[in-house]
Amino acid sequence: MTTTLNMVKTGKYAKDKNFGVRHVQCILCFFCLTLAYAWRVNLTIALVAMTDKPNTTDIGNNSFSDDFNSSLSDKSSEQLETLGLSTGIDYYSFTEQQRSYMLSSFFWGYIVTQVPGGYIAQRYGAKMLLLVGLASCAILTMLTPLSLRYGGWQTLCVVRILEGLTQGAVHPATHSLLSKWAPANERGMLGTICYSGAQFGTILMMATSGFLADSSIGWPAIFYIGGLCGFIWVAVWWFYSSSAPEDHRFITREELKFIEESRSDGKMQDSHKLAPTPWTAIFTSMPFLSLLVVHCTHMWGFWTLLTQIPSYMKNIYGMDINSSALNSSLPYAVMMLLSFFFVWLSKVLQRQKSLSLSFNRKLFNTIGHWIPMCSLIALGYVPKENSTLAVVLLTLTVGISAATYLGFQVNHIDLSPNYAGTLMGLTNAAANVMSALAPLAVGWMVHDQKNIEEWRVVFFVAAGFYFFGNLLFVIFGRTETQSWDSPVVDADSIEAGMPLAGNRQGSAAKETA
């Protein structure tokens with residue numbers, strides 16, 4: 001008869017458990033990404049509200065007029081008071097160049113902390129890094145209205161750069177945390193739970209910003225309420241999270257054993273005695289280089305869609321998809337829903353023992369790249385009178401890309417659980433450079449925004465990136481832990497690198513349990 005001890009050793013109890021502490025960690029990361037992306041896009045939406053003068057006939061409801069008053073100056077609150085419309089809310093007028101600086105400044109800081117964030121997370125743990133980063137960003141978010149009032153748009157740019165610096169470690173730290181918490185066969189599911197928070201945050205901001213801007217506080221409420229939510233998350237994160245399962249106060253012995261035995265084939269090194277990062281081996285590894293390329297090509301296509309499609313729809317089909325929260329958030333909502341459908345489909349495929357993890361990763365990556373590739377090309381040939389079909393293809397193109405959550409986006413952990421945070425920092429930094437270059441390239445390709453032929457060039461280029469990136473991943477991508485993940489080091493470090501032990505404190509806790 002199987003004893004209780006043997007069941008613990010084999011992880012039988014934890015394996016049968018549908019919900020455990022590891023899922024709680026990922027739900028907390030879901031809300032971390034929700035806040036991060038809500039704060040990232042809040043300025044895009046708030047700029048509309050802060051440049052609209054209140055309607056004189058509806059000031060009691062603090063609603064916004066439909067016509068933008070282009071003559072409104074930075075001292076518009078004084079002008080409103082002169083008109084008898086004093087609400088205590090400032091309204092501004094910005095040039096297009098000033099708007100572009102304010103909207104892009106976040107990414108100037110965001111790219112800088114990607115690789116350092118991954119290193120810090122793997123060396124000192126993701127818990128404190130995410131806590132300090134989100135707490136700092138919450139403070140900066142709440143200071144945004146004051147920075148604009150007392151320092152103008154230039155000071156707001158500085159605040160946004162600082163916000164980017166605080167958020168740069170979010171993705172690498174999340175990957176570092178997943179490498180410790182996620183069993184190998186659950187990485188796709190748990191990674192999807194974490195990263196789908198990005199879509200939810202965007203949807204949430206689009207859905208609520210109008211109500212917040214129409215409140216008695218006005219558009220500053222978008223930043224005040226958002227920052228307050230950040231402090232609530234920080235409190236919950238501090239109490240319920242940990243960088244590794246060995247450190248968590250509420251985890252059961254059964255679940256801990258299950259995670260330890262199933263999260264990697266290699267050795268999880270002691271974070272305090274982690275071997276030096278094998279940079280040469282990483283940058284000469286074809287599986288990593290193919291991962292780097294596919295991440296970059298994916299972001300080129302994805303950000304081409306998100307930044308340029310509204311202009312395409314307006315100029316070709318005469319449809320302003322940003323005119324309603326429903327149209328704006330529809331692609332994100334479909335992407336979020338499909339991400340969980342793909343998780344279910346992945347689980348179904350996993351039951352087929354003949355299908356390897358490598359096949360699973362490459363299949364979903366292909367779905368997430370080559371189907372959008374086809375729909376992007378088709379979008380360029382939809383007749384001008386059929387705007388509905390264009391919206392369907394747009395939504396499909398964005399939504400289907402959710403399959404990549406089960407493809408390249410968790411492959412960093414497959415290749416190197418010990419250095420997953422650094423790998424994500426490297427690829428995400430390079431990919432965000434591509435995100436910035438894509439809109440600029442569109443400007444070089446499209447001179448007449450009503451010329452469908454020029455837009456087709458944009459779509460073919462993006463489709464080409466999708467095809468090439470995924471092709472490299474299919475050929476060179478791997479899911480086996482790479483040899484450089486556990487480099488040969490001195491005897492003390494090898495001893496510290498017990499199979500998947502988080503640190504000595506966690507090991508001691510386990511022995512006394």
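Coordinates for the structure precede this section.
As the structure is a computational prediction, the values presented were derived from the model and not from experiment. (Residues numbered from 1 in each chain as written. Predicted model: local features only at pLDDT ≥ 70, side-chain atom pairs only at ≥ 80, totals over all residues. Heavy atoms only, no water.)

Colleague: What exactly am I supposed to notice about the overall build of the protein here?
Modeller: A tally of regular secondary structure across the protein gives 22 helices and zero strands. Here the protein holds 513 residues, and 56% of them are scored as buried. Taking contacts inside the protein between residues at least 6 apart in sequence as the whole, the part at least 24 apart equals 82%. Split by element, the accessible area of the protein, about 21800 Å² in all, is 64% carbon and sulfur. (Helix = DSSP H or I, 4+ residues; strand = E, 2+ residues; numbered from the N terminus. Buried < 20%, exposed > 50% of the residue type's maximum accessible area, 1.4 Å probe, protein only. Contact = heavy atoms within 4.5 Å. Areas by Shrake-Rupley, 256 points an atom, 1.4 Å probe, with all protein chains shown as cover.)

Colleague: Hey, could you run me through helix H9 (residues 187-195) in this one?
Modeller: Since the α-helix packs 3.6 residues into each turn, any two residues three or four apart lie on the same face. Counting buried positions along H9 gives nine out of nine residues, so the element sits mostly inside the fold. Burial in H9 covers these residues: Arg 187, Gly 188, Met 189, Leu 190, Gly 191, Thr 192, Ile 193, Cys 194 and Tyr 195.

Colleague: For this particular structure, what's the right way to read the pattern of salt bridges?
Modeller: Where charged atoms of side chains with opposite charge meet at close range, the side chains can pair. As enumerated under the stated definition, the model contains eight salt bridges in all. Linking Glu 255 and Arg 22 is a salt bridge whose minimum nitrogen-to-oxygen distance equals 2.8 Å. Here Glu 255 is found in helix H12 (residues 253-262), whereas its partner Arg 22 is found in helix H3 (residues 21-50), with 233 residues between them in sequence. For Glu 255, a relative accessible area of 1% corresponds to the buried category. Between Glu 453 and Arg 456 there is a salt bridge whose closest N-O contact spans 3.0 Å. Placement of the pair is Glu 453 and Arg 456 together in helix H20 (residues 452-476), with a separation of three residues, close to one helical turn. (Salt bridge = Lys/Arg side-chain N within 4 Å of Asp/Glu carboxyl O.)

Colleague: Would you mind going over the packing of aromatic side chains with me for this structure?
Modeller: Two measures describe an aromatic ring pair: the distance that separates the ring centres and the angle between the ring planes. Scanning all chains against the criterion turns up 26 aromatic pairs. A ring pair is formed by Tyr 92 and Trp 219, whose centres lie 6.3 Å apart and whose planes are at 70°; its orientation type is edge-to-face. With Tyr 92 in the loop between helix H4 (76-82) and helix H5 (96-110) and Trp 219 in the loop between helix H10 (197-213) and helix H11 (220-240), this residue pair connects regions lying 127 residues apart in the sequence. On the basis of relative accessibility, which here comes to 3%, the residue Tyr 92 falls in the buried class. Centre to centre, the rings of Trp 279 and Phe 283 are 6.4 Å apart; their planes meet at 20°, and the pair counts as stacked. Of the two residues, Trp 279 and Phe 283 both sit in helix H13 (residues 279-283), four residues apart, roughly one turn of that helix. Judged by its relative accessible area of 38%, Trp 279 falls in the partly exposed class. Here Phe 283 falls in the partly exposed class, since its relative accessible area comes to 41%. The ring of Phe 239 carries Arg 249 above its face, with NZ or CZ at 4.9 Å from the centroid. (Phe/Tyr/Trp six-rings, centres within 6.5 Å; stacked < 30°, edge-to-face > 60°. Lys NZ or Arg CZ within 6 Å of the ring centre and 35° of its normal.)

Colleague: I keep staring at the side chain of Asp 414 and nothing clicks. Help me out?
Modeller: If you trace the backbone, Asp 414 turns up in helix H18 (residues 411-415). Of note is the side chain of Asp 414, whose polar atom sits 2.7 Å from the side chain of Arg 187. Beyond its immediate chain neighbours, meaning those up to four positions away, Asp 414 contacts Arg 187, Leu 357, Arg 361, Thr 479, Glu 480 and Thr 481. (Polar contact = N/O pair within 3.5 Å; in protein donor to acceptor, adjacent residues only side chain to side chain.)

Colleague: Please clarify how the state of the cysteines should be interpreted in this entry.
Modeller: Cysteine pairs can be linked by a disulfide, which is a covalent bond between their two sulfur atoms. One pass over the structure, following the stated rule, counts zero disulfides. With no disulfide partner, Cys 32 has as its closest neighbouring cysteine sulfur the one in Cys 29, 6.1 Å distant. For Cys 32, a relative accessible area of 0% gives the class buried. (Disulfide = S-S within 2.5 Å.)

Colleague: Whenever I open this one, the packing of helix H16 (residues 357-379) against H20 confuses me. Can you help?
Modeller: Each pair of packed helices can be described by the angle between their axes along with the distance between the axes. At a closest axis distance of 9 Å, the pairing of H16 and H20 adopts a crossing angle of 165°. By the angle between their axes, H16 is roughly antiparallel relative to H20. The handedness of the crossing between H16 and H20 is left-handed. Two secondary-structure elements touch here, H16 through Arg 361, Lys 362, Asn 365, Thr 366, His 369, Trp 370, Pro 372, Met 373, Leu 376, Ile 377 and Leu 379 and H20 through Phe 459, Phe 460, Ala 462, Ala 463, Tyr 466, Phe 467, Asn 470, Leu 471, Phe 473 and Val 474. Split by residue class, the contact of H16 with H20 holds 15 nonpolar, four polar and two charged. (Axes fitted to C-alpha atoms, helices over the stretch in contact; angles between N-to-C directions. Parallel < 35°, antiparallel > 145°, perpendicular 65-115°, else oblique. Left-handed = near helix turned anticlockwise from the far one by under 90°. Nonpolar A, V, L, I, M, F, W, Y, C, P; charged D, E, K, R; others polar.)

Colleague: How should the packing of helix H8 (residues 170-181) against H9 be read in this particular structure?
Modeller: Packing of H8 against H9 leaves a shortest axis separation of 11 Å and a crossing angle of 150°. One finds that H8 runs roughly antiparallel with respect to H9. H9 is crossed by H8, and the crossing has right-handed handedness. Each of His 171, Thr 174, His 175 and Leu 178 in H8 lies in contact with H9, whose residues at this interface are Leu 190, Gly 191, Cys 194 and Tyr 195. When its residues are assigned to classes, the contact of H8 with H9 shows four nonpolar, four polar and no charged.

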